[in-house]
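Fold and geometry: a report
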Amino acid sequence: MQKNNNLFHAIGGYLVWMHLLLSRILTVSPFRFMASIVLSLTAQLAMIISFFLPLKIVFLLGSDQVPSYLDGVVPISSVSELIVVLMILSALSYFVFIGANRYAEALSAAGAQKLVEATSKLTLFQNQDELALRSYLRVGNFFAAVLFLAFSLAIFLVFYFNLFLIFLLCGMGLLGLLFILFRVSQKSRISIEKTPGPFISQVYGVFFIVLFGFMVADIALWSDVGFYVSLICLLLVRQLLQRMTTATTDSVLLYRQLEQVNSIFLDADLKGAGNSNNKAARLMDILSDGALFKFVRQVFSKLDRDVDGLELDAGFDVQYIQSSLVDVLSLLVRVEAGDFIIKVFHDRHKLLAIRESDLLLSITDDDLFLSELKVIESVEGYRVHVFRLSARLERGHGLSFKSRRDEFRVRCFSARPDFQFVERYRLTHSLLAARISDLAHVLRFPMFKELFAEYPIARFVELAESTLGELPITLCPSDITDDSLMVLDEGAVINLHWERWAFEPIGFGLTLPELDLPHLRLLLSRSRCHELQVEKVRLCGLLCIVEQQIKNQKFSMAKETVSLALQTIEKLDGTERYR
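Residues numbered from 1 in each chain as written. Predicted model: local features only at pLDDT ≥ 70, side-chain atom pairs only at ≥ 80, totals over all residues. Heavy atoms only, no water.

1. Description of the overall build of the protein chain
- In terms of regular secondary structure, the protein chain is built from 20 helices and 9 strands.
- Taking all 579 residues of the protein chain together, 47% fall into the buried category.
- Split by element, the accessible area of the protein chain, about 29,400 Å² in all, is 59% carbon and sulfur. (Helix = DSSP H or I, 4+ residues; strand = E, 2+ residues; numbered from the N terminus. Buried < 20%, exposed > 50% of the residue type's maximum accessible area, 1.4 Å probe, protein only. Areas by Shrake-Rupley, 256 points an atom, 1.4 Å probe, with all protein chains shown as cover.)

Shown next as structure tokens:
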């Protein structure tokens, strides 16, 4: 089922889909589903009663006699007895509310399990049982809210007709305003789609205020409605709108997982199974002929006033850059003013995008040849980073990956990060020296025992920590791949990805070939780090590799790397024992 930006089409499509789900549920588990809805409504009515009776008790505290409308109905002769009875009924109503809710959830869990079993499908994704239960509950909440709405309107129709008309007119006015908002403001629509919960809550809050205002005006000027009828109707309206707020939010969340729900409950196309958010597919749609230039123009329109020399109406060329990161789209845009790189992030990479911008907004233009980073929070719902390159990008450079990597390492070793920014980083991250004790715990496993037969682990840890503490802190990016390292026409090498980075001692993040002593000496020499002892830098790199191998449970490989680290430690310690 295609999703439509038109509000009424979207609501109509959702109702059709809910009808399909309801038919499937009633075929497999009718009793549990209907019983859970009845219990849910019972809980709602019990909650209203438990709210109303304490108010009545407060009113009775200032009264001397039992209200006349109770004469002959209940055998109560004093106000004190009536207050006690109402207190007991209020408490019982609240316990009915709790019990009905719990039993409704238990029935829903059993119904969801039976529905999953009835499909006879293998498990499709990791959280399938949890998703099935949440979806079943949301479907139940939706229909319980619909029935509660019908019940409330019936009460208004019988006991307070003007409120019935006011509710319908305000509801139609609200739908009209939302239709106009979704139609004329794409920015508002995208913002609402990203965080629907607060918007839904605010809409129903405003709806209640407007409804309450009309209700007060009607009672004051036109209708002759009894006090208790108006009070009960007010409580009913409040509970109804709270119920509808929850049901609407549940409906939006349920519809966002349409493909997964279909794959569990219905005989549906399974292409979308396992993907709870259809934006991944939409992100790739940006590359289509019609969408690519339109998207880039939207990005440029938000940069036009901030970037010197950028003319929005000038021609431009757009090329796809292979990023090797799933759901991160990279584009090279060539305009008269220079070359730009546009990076588009899927919602699930929001944290990575923030980390990248935090870093690159803190460094100077000369450090890494990336200048004028612009962060655009939303273009068609996606976060976008735009880099203006200091020179033209050379696509057919002919440089090997090793050459580009060496150039980039030299640049990172030479750059000295801002001291204050490093300190901010250390408030939330521990450096490798502080994590050596965690490695030592694993190195005491039997599989590493033979390595430390002659050299104590305690001495290994002590010397490793002190050595790492002597090394300067540098910027250590991850995701260094053949695709990520680009070359400018002036020969400078830039890195396309800064989503994953760390501040660590120099040598952290280097690969084993890069830690070969002659090669490492060359890198340090070119970086003007002559004063550093090459074995200390090598030790940092080896311990970084050990940490990653242990984290990935590659213990056999870690054993070999620990042996190399131990040789380096022994050399630094002057023990003259080499394996």
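2. A short note on the pairing of strand β9 (residues 501-505)
- In terms of residue burial, β9 counts as a mostly covered element, since 5 of its 5 residues are buried.
- Looking at chain direction, strand β6 (residues 473-477) and β9 are connected through 5 bridges and run antiparallel. Its bridge partner being in β9, proline 477 is matched across the sheet by tryptophan 501. (Pairing = 2+ DSSP bridges.)

3. Section: the confidence of the model for the protein chain
- A residue-level look at the protein chain finds 89% of positions with pLDDT of 70 or above and a mean pLDDT of 83.
- Within the protein chain, helix α13 (residues 365-368) has the poorest average pLDDT of any element, 55, and helix α19 (residues 534-551) the best, 94.
- For residues 269-277, every residue scores under 50 in pLDDT, and the model assigns this stretch 15 contacts once sequence neighbours within four places are set aside. (pLDDT = per-residue confidence, 0-100. Contact = heavy atoms within 4.5 Å.)

4. Considerations on the packing of aromatic side chains
- If you walk through the whole model with that rule in mind, you get 23 aromatic pairs.
- Their ring planes at 35° and their centres at 5.4 Å tell us that phenylalanine 293 and phenylalanine 316 sit as a pair that is tilted. With phenylalanine 293 in helix α11 (residues 289-303) and phenylalanine 316 in the loop between α11 and β1 (317-321), this residue pair connects regions lying 23 residues apart in the sequence.
- Grouped by ring-pair contacts, the aromatic residues Tyr14, Trp17, Phe33, Tyr136, Phe142, Phe143 and Tyr255 constitute a single cluster.
- The ring of phenylalanine 208 has arginine 238 lying over it, and the distance from NZ or CZ to the ring centre is 4.5 Å. (Phe/Tyr/Trp six-rings, centres within 6.5 Å; stacked < 30°, edge-to-face > 60°. Lys NZ or Arg CZ within 6 Å of the ring centre and 35° of its normal.)

5. Regarding the pairing of strand β2 (residues 328-335)
- With 7 of 8 residues buried, β2 is to be regarded as a mostly interior element.
- Bridging between β1 and β2 involves 5 bridges; their strand directions are antiparallel. Opposite valine 318, over in β2, you have valine 333 as the bridge partner.
- Across 8 bridges, the pairing between β2 and strand β3 (residues 338-345) is antiparallel. Bridging from a neighbouring strand, arginine 334 pairs with aspartate 339 of β3.
- Between β2 and β3, which pair antiparallel in sequence order, lie 2 residues.

6. What to know about the environment of alanine 112
- Take alanine 112: it is sitting in helix α3 (residues 79-119).
- A relative accessible area of 2% means that alanine 112 is categorised as buried.
- Taking C-alpha positions, alanine 112 is 5.8 Å from tyrosine 136, a pair spaced 24 residues apart along the chain.
- When sequence neighbours within four positions are dropped, the list of residues in contact with alanine 112 reads Ala132, Leu133 and Tyr136.

7. Observations regarding the packing of helix α8 (residues 227-256) against helix α9 (residues 258-265)
- With their axes 5 Å apart at the nearest point, α8 and α9 run at an angle of 75° to one another. On the basis of the axis angle, α8 is roughly perpendicular to α9. The segment α8 lies against α9, with Leu254, Tyr255 and Arg256 engaging Leu258, Glu259 and Val261.
- Taken together, the residues of the contact of α8 with α9 break down into 4 nonpolar, no polar and 2 charged. (Axes fitted to C-alpha atoms, helices over the stretch in contact; angles between N-to-C directions. Parallel < 35°, antiparallel > 145°, perpendicular 65-115°, else oblique. Nonpolar A, V, L, I, M, F, W, Y, C, P; charged D, E, K, R; others polar.)

8. Description of the nonpolar core
- Grouped together as the largest cluster of nonpolar side chains are 61 residues, with contacts concentrated most on Trp17, Met18, Leu21, Phe156 and Phe265.
- Listing elements by their share of this core, those giving two or more residues are α1 (7-28), α2 (30-60), α3, α4 (128-159), α5 (161-184), α7 (196-221), α8 and α9.
- Contacts of leucine 21, omitting those with residues within four sequence positions, involve Val139, Leu254, Val261, Phe265 and Leu266.
- In this structure, Phe413, Phe460, Cys529 and Leu566 belong to the second largest nonpolar core, which totals 44 residues. (Core = buried A, V, L, I, M, F, W, Y, C linked by side-chain atoms within 4.5 Å.)

9. Some points on the packing of α1 against α5
- Two numbers describe how α1 lies on α5: the axes approach to 9 Å, and their chain directions differ by 115°. Considering the angle they form, α1 stands roughly perpendicular to α5. Contact residues: Leu7, Phe8 and Ile11 in α1; Leu175, Leu178 and Phe179 in α5.
- Among the residues forming the contact of α1 with α5, the class breakdown is 6 nonpolar, no polar and no charged.

10. A word on α19
- Helix length check: α19, at 18 residues, gives a terminal C-alpha distance of 26 Å against a target of 26 Å (1.5 Å per residue), a fit within 8%.
- For α19, a buried count of 16 out of 18 residues is recorded, marking the element as mostly surrounded by other parts of the structure. (Expected span 1.5 Å × (residues − 1).)

11. A few points about the side chain of histidine 497
- Along the polypeptide, histidine 497 turns up in the loop between β8 (493-495) and β9.
- Polar contacts involving the side chain of histidine 497 include one to the side chain of lysine 343, which spans 3.3 Å.
- Here the side chain of histidine 497 touches glutamate 499 through a polar contact of 3.3 Å, side chain to side chain.
- Apart from residues no more than four positions distant in its own chain, histidine 497 is found in contact with Ser323, Leu325, Val328, Ser330, Lys343, Glu356, Ser478, Asp479 and Ser484. (Polar contact = N/O pair within 3.5 Å; in protein donor to acceptor, adjacent residues only side chain to side chain.)

12. Some points on the pattern of salt bridges
- Evaluated as defined, the whole model comprises 19 salt bridges.
- One salt bridge in this structure joins arginine 459 and glutamate 462, with 3.5 Å as the shortest N-O distance. Linking arginine 459 with glutamate 462, this pair stays in helix α17 (residues 457-470), spanning 3 residues, or about one helical turn.
- A relative accessible area of 47% means that glutamate 462 is categorised as partly exposed. (Salt bridge = Lys/Arg side-chain N within 4 Å of Asp/Glu carboxyl O.)

13. Some thoughts on the environment of glycine 140
- With respect to the element layout, glycine 140 can be found in helix α4.
- Sequence separation between glycine 140 and glutamate 105 is 35 residues; the distance between their C-alpha atoms is 9.9 Å.
- Apart from the residues lying within four places of it in its own chain, the contact partners of glycine 140 are Phe33 and Ile37.

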